[in-house]
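Descriptive analysis of the structure
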Amino acid sequence: MAYKITDECMSCGACEQECPNKAISEGDNKFVINPGKCTECIGSFESSRCAEVCPFEAPVPDPEHKESREQLISKWKKLHPGETAKFS
């Protein structure tokens, strides 16, 4: 399941630099996550980095973008061709 950023976001930018898939960008009033690039950090880290580093707890799982672990790994492989997943 991809993550989304709630209105709790204060646009500090802590999450953007942590995303291994470059799925996070600055929106109009808050940062946003592209669900097509979000893999919950599966493949790169043991847990979702955006949620870990956010001081406002704004990144949360997005129930509108449910995906299995296998789907997330497949997405990670497409985003990182030729690389080996560290965590899958």
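Just above, that's the structure.
Structural notes, computed from the coordinates.

Here we take up unusual backbone geometry. The phi dihedral of serine 11 is positive, around 55°, even though this residue is not glycine. In this model, glutamate 57 sits at a positive phi of 55°, which is unusual for a non-glycine residue. Relative to the assigned elements, glutamate 57 resides in the loop between helix H1 (49-53) and strand S4 (59-61). Glutamate 57 sits in the exposed class, given a relative accessible area of 63%.

A few words now on the pattern of salt bridges. Taken as a whole and judged by the stated rule, the model has 4 salt bridges. Residue glutamate 18 is joined to arginine 49 by a salt bridge in which the shortest nitrogen-to-oxygen separation is 2.8 Å. Within this pair, whereas glutamate 18 is found in the loop between strand S1 (3-5) and strand S2 (24-26), its partner arginine 49 is found in helix H1, the two being separated by 31 residues in sequence. Of the residues examined, glutamate 18 reaches a relative accessible area of 24% and is grouped as partly exposed. The shortest N-O distance in the salt bridge between glutamate 67 and lysine 75 comes to 3.0 Å. The buried category is assigned to lysine 75, whose relative accessible area is 12%. It is possible to trace a salt-bridge network through shared partners that takes in Glu18, Arg49 and Glu52.

What counts and how
Residues numbered from 1 in each chain as written. Predicted model: local features only at pLDDT ≥ 70, side-chain atom pairs only at ≥ 80, totals over all residues. Heavy atoms only, no water. Helix = DSSP H or I, 4+ residues; strand = E, 2+ residues; numbered from the N terminus. Buried < 20%, exposed > 50% of the residue type's maximum accessible area, 1.4 Å probe, protein only. Salt bridge = Lys/Arg side-chain N within 4 Å of Asp/Glu carboxyl O.

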